[in-house]
Amino acid sequence: MDSHDNFNLLKKHLRPQQAKSILCSFAQATGNALGFRIGSGGNVFCQYPENPENEFSAARPLGISGERMGGLFVYSGRDNEGLCCNIADALACSLNSMIECEHARRAVSAETLSAYRELALLQRTADRLNRELKPSGIGSILLDETGLSYEGGKVGVVLEFDKNTKTYRLLANRGEDSDRIFSSFVDSGTCMIFANMDRVQIINDFGLFISSGGKNYYYKSVMIVPLTDGTSYMGYMLTAAPEGDFYSSSDKKRMETISSTAATALHNAIMFDEQKVLFDSFLNAIATAIDAKSPYTAGHCKRVPWIAHELLSAANQMQEGVFSDFTVTEDEINELKVAALLHDCGKISTPEWIMDKSLKLEGIINGIELIRLKMELYKLNLTLGAYKERNGELHDDGKLSAQIEKAGQHMKTLESLNKGGENLDSSVIEWLKDLGKIQIEMSDGRFLPLLNDDEVEKLSIARGTLTAAERQVIEDHVVKTVMMLSEIKFPENMCNVINIAGLHHEKLNGTGYPYRMKGEDIPIRARIIAIADIFEALTAEDRPYKGPGTLSRAIEIMGYMVRDGHIDENLYHLLLESGIHVKYARQFLPPAAMDI
């Protein structure tokens, strides 16, 4: 250390005013017979008096632990040499005590500052880690917080240990070609050499060879940071550098500070992932149960989320037009997925004979078969009546044959009406009521109507196969969906699932159900599920109320629904312009349905 450095060190450990005050006190105590100067290498730190007139008489070193910072110089006349030496010793002792105290204070301050910085680093890192819920994100934060450079061939990686397979997987990496290098590192099993270490290790003369893609990579220095939360081994972080003696004790200390926090965060992230997988599996199980309830809707609850997700993503990616300002978060995307999977969960309570009703008289028993049986009884009544009219002789003059033939025609008409889909005029309904007036005499003397009131009502259905009461049961599945989902304690980032799933049957013109909401009052994600629900149903290979659909027919029908104010026009056009309908058809529909 040169004299300039000594002088600077002296200035850091002595305060000029305090030192000069001590010099003044000692000078006055000797009746100003002595003069004093503190300095180093010709540099004066302080002196008293300002210009000592006496001759230099004594010098004493100033410093700590054998490290000299400067000296104390005492000036006196020849008559005071003995006093001069005693005063020099006492004053030097006092000044050195001050220097030692200041040195100790600075050491404590430096240690405190280091501890503060370490705590601040830990706090900053902990804040970042605690906000991250993805294992790969935890790995990236850990690599970033090393404070190391990954340039010049230096690399870093975080590997997660799978307890079930006893293998490692790559979570995060840094450095040129590090993904390829460490993929080979993992696949080859080389990564096992650092497994289960219990503390941070720095090896500056290790010599790690990795061969990847026809190239050989050599790293002389490595730092291994095991990730353990005290009970579980989660994996490790490895950084490597081509040059030797690259990592220092400060690097080790830094990683020791944050590694346990990172391990705990990684453990929590993995548990969160596992909980998410468990939650998703429950959702899929519910969706599978709903689809399995009816052979006609198998796969519906899994195809609707696909369409809905594609629509939401397409809207989110639009740079111009009506969706240019539309953005969604990852949580909002996940909400839509959950809502789409569970949008029909209320159908679990819907009776199968209503949900799968393909004929007007279909129910727990097949109503058309009962009418067919009654029609045969009616024909028998006609025959018995003719037999009685002829006093026990059955001679057909053509009247009976005509009546029986007419009854057969009635039966064919009833069978046709039973299929649904037709638009009935009032004359058909009156004809059905007339058939209901026909009484069939039973063997015990009772009379049975050819068509009872319930059968007349069902056969009079103008559109589809459901009565008003049955249609209400179907529509109530949305209310049941809301009731069921309300029993689930969704986290805050999924608080809109119930609203989205429960409003997918609302129509923009206010004629939907169950709340008769209109236009923009219906959340856009509910409108998206409505589009997805309708498109899937129209293109499905089979439904109880229709045969296989084609892509062009589905698009045509949805166009009518746009015109009538049932569905969102912008989302309908987005479905077509983004090509989602074609992409869906190629993935889910038979070739015969691809007619555009």
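The structure contained in this document is the topic of the report that follows. Owing to the predicted nature of the structure, the values given are computational and were not obtained by experimental measurement.

Quick notes on the rules
Along every chain, residues carry numbers that run from 1 in the direction the sequence is written. Residues qualify for local features only when their pLDDT is at least 70, as the model is predicted, and side-chain atom pairs are given and counted only at 80 or more; totals for whole chains, interfaces and linings, by contrast, use all residues. By convention in this description, side-chain values take in all heavy atoms of the structure and omit both hydrogens and water. In DSSP terms, a helix is any run of H or I states spanning at least four residues, a strand is any run of E spanning at least two, and both are numbered starting from the N terminus. Relative accessibility under 20% of the residue-type maximum defines a buried residue, over 50% an exposed one, and the middle range a partly exposed one, all with a 1.4 Å probe and only protein chains included. A contact between two residues is defined here by any heavy atoms of the two lying within 4.5 Å. Here, the term nonpolar core denotes a set of buried Ala, Val, Leu, Ile, Met, Phe, Trp, Tyr and Cys residues that are joined through side-chain atoms within 4.5 Å. Here, a strand pair is defined by DSSP locating no fewer than two bridges between the strands. A fitted line through C-alpha atoms represents every axis, and for helices the fit uses only the stretch in contact; the resulting angles, taken between N-to-C directions, go from 0 to 180 degrees. Here the expected span of a helix is defined as 1.5 Å times the quantity of residues minus one. Two rings belonging to Phe, Tyr or Trp (six-membered ring only in the last case) form a pair when the distance between their centres is within 6.5 Å. Interplanar angles under 30 degrees mark stacking, angles over 60 mark edge-to-face geometry, and anything in between is tilted. Oblique is the label for every angle not falling under 35 degrees (roughly parallel), over 145 degrees (roughly antiparallel), or within 65 to 115 degrees (roughly perpendicular). The crossing is said to be left-handed when, going from far helix to near helix, the turn is anticlockwise and less than a right angle, and right-handed when the turn is clockwise. Following the grouping adopted for this structure description, the nonpolar residues are Ala, Val, Leu, Ile, Met, Phe, Trp, Tyr, Cys and Pro, the charged ones are Asp, Glu, Lys and Arg, and the polar ones are all others, Gly among them. Any pair of nitrogen or oxygen atoms within 3.5 Å is treated as a polar contact; in protein, a donor-acceptor pairing is required on top of that, and neighbouring residues in sequence qualify only through side-chain atoms on both sides.

So, the overall build of the protein
And step 1. Per the secondary structure count, the protein includes 19 helices and 13 strands.
And step 2. Projected onto the principal axes, the alpha-carbon positions of the protein cover approximately 175 × 55 × 50 Å.
And step 3. Here the protein holds 596 residues, and the buried ones make up 43% of them.
And step 4. The contacts of the protein with a sequence gap of at least 6 include a subset with a gap of at least 24, amounting to 63%.

Some details on the nonpolar core
And step 1. Of all hydrophobic cores here, the largest spans 51 residues; its most connected members are Ile529, Ile531, Phe535, Met558 and Leu575.
And step 2. Looking at which element gives the most residues to this core, the answer is helix H7 (residues 300-317), with nine residues.

Concerning the sheet that holds strand S3 (residues 55-64)
And step 1. Across the sheet, which stays open at both edges, the four strands sit in the order S2-S1-S4-S3 with antiparallel pairing between neighbours. What marks the edges here is a single partner per strand, and that holds for strand S2 (43-48) and S3. Pairs of neighbouring strands in the sheet enclose a mean axial angle of 20°, with direction left out of account.
And step 2. Bridge count for strand S1 (residues 35-40) against S2 is five bridges, and the pairing is antiparallel. Opposite phenylalanine 36, over in S2, you have tyrosine 48 as the bridge partner.
And step 3. Contacting S1, S2 and strand S4 (67-76), helix H2 (residues 16-29) runs over the sheet at an angle of about 45° to S2.
And step 4. Against the sheet, helix H3 (residues 81-131) makes contact with S1, S3 and S4, and its axis sits at roughly 25° relative to S3, the strand it touches most.

Details of the pairing of S3
For a regular strand, side chains alternate in direction, first toward one face of the sheet and then toward the other.
And step 1. Examined bridge by bridge, S3 and S4 share nine bridges and lie antiparallel to one another. Paired with proline 61 across the bridge in S4 is glycine 71.

Some details on the pairing of strand S5 (residues 155-162)
And step 1. For S5, the buried fraction is high: seven of the eight residues fall into the buried class.
And step 2. Taken together, the six bridges between S5 and strand S11 (residues 233-241) define a ladder with antiparallel strand orientation. Residue pairing across strands places glycine 156 opposite threonine 239, the latter belonging to S11.
And step 3. Summarising the sheet, S5 and strand S6 (residues 167-174) pair through seven bridges and their orientation is antiparallel. Each residue of the ladder has a partner; that of valine 157, found in S6, is asparagine 173.
And step 4. Counted between consecutive antiparallel strands, the loop separating S5 from S6 contains four residues, among which lysine 166 sits at a positive phi close to 60°.

Topic: the sheet that holds S11
And step 1. Ordered by their spatial adjacency, five strands build an open sheet running S6-S5-S11-S10-S7, and the pairing between neighbours is antiparallel. Two strands in the sheet have a free side with no partner beyond their single neighbour: S6 and strand S7 (201-203). When strand polarity is set aside, the average angle formed by the axes of neighbouring strands in this sheet is 20°.
And step 2. Its contacts with the sheet put helix H4 (residues 135-144) on S5, S6, strand S10 (221-228) and S11, and the angle it makes with S6 is roughly 50°.

A word on helix H11 (residues 399-418)
Spacing of three or four residues puts side chains on the same side of an α-helix, whose turn is 3.6 residues.
And step 1. The terminal C-alpha atoms of H11 lie 29 Å apart, and with 20 residues this matches the ideal 28 Å at 1.5 Å per residue to within 8%.
And step 2. Of all the positions in H11, only Leu400, Ala407, Gly408, His410, Met411, Leu414, Leu417 and Asn418 are classed as buried.
And step 3. Where H11 is buried, its residues touch helix H10 (367-389), helix H12 (426-437) and helix H13 (453-459).
And step 4. Immediately beyond the C-terminal end of H11, within one or two residues, lies glycine 420, with a positive phi of roughly 80°.

Section: the packing of aromatic side chains
What characterises a pair of aromatic rings is the spacing of the ring centres plus the angle enclosed by the ring planes.
And step 1. A complete count under the given rule lists 14 aromatic pairs for this structure.
And step 2. Arranged with centres 5.5 Å apart and planes meeting at 65°, the rings of tyrosine 168 and tyrosine 236 form a pair that is edge-to-face. Placement of tyrosine 168 in strand S6 and of tyrosine 236 in strand S11 is noted, with a sequence separation of 68 residues between them.
And step 3. On the basis of relative accessibility, which here comes to 6%, the residue tyrosine 168 falls in the buried class.
And step 4. For tyrosine 236, a relative accessible area of 0% translates into the label buried.

Quick look at the packing of H11 against H12
And step 1. One can describe the packing of H11 onto H12 by two numbers: an axis separation of 12 Å at closest approach and a directional angle of 125°. With respect to H12, the axis of H11 lies oblique. By crossing handedness, the relation of H11 to H12 is classed as left-handed. Within the contact between the two elements, H11 uses His410, Thr413, Leu414 and Leu417 and H12 uses Val428, Trp431, Leu432 and Leu435.
And step 2. Its residues assigned to classes, the contact of H11 with H12 shows six nonpolar, two polar and no charged.

A short note on unusual backbone geometry
And step 1. Cis peptide bonds are those with omega within 30 degrees of zero, and the linkage from tyrosine 48 to proline 49 qualifies with -10°.
And step 2. For proline 49, the position within the fold is in the loop between S2 and S3.
And step 3. Going from tyrosine 513 to proline 514, the amide bond is cis rather than trans, its omega being 10°.
And step 4. Looking at where proline 514 falls in the secondary structure, it is placed in the loop between helix H15 (497-502) and helix H16 (524-539).
And step 5. Unlike most non-glycine residues, aspartate 177 shows phi in positive territory, near 65°.
And step 6. Counting through the fold element by element, aspartate 177 comes out in the loop between S6 and helix H5 (178-187).
And step 7. Exposure remark for aspartate 177: the relative accessible area of 29% places this residue in the partly exposed category.

A word on the side chain of threonine 30
And step 1. Note that threonine 30 resides in the loop between H2 and S1.
And step 2. With relative accessibility at 14%, the residue threonine 30 sits in the buried group.
And step 3. Within polar-contact distance, the side chain of threonine 30 engages the backbone oxygen of alanine 27 at 2.8 Å.
And step 4. In this structure threonine 30 touches Leu83 and Ile87, once residues within four positions along its chain are discounted.

Geometric descriptors of this kind do not, in isolation, establish any biological role.
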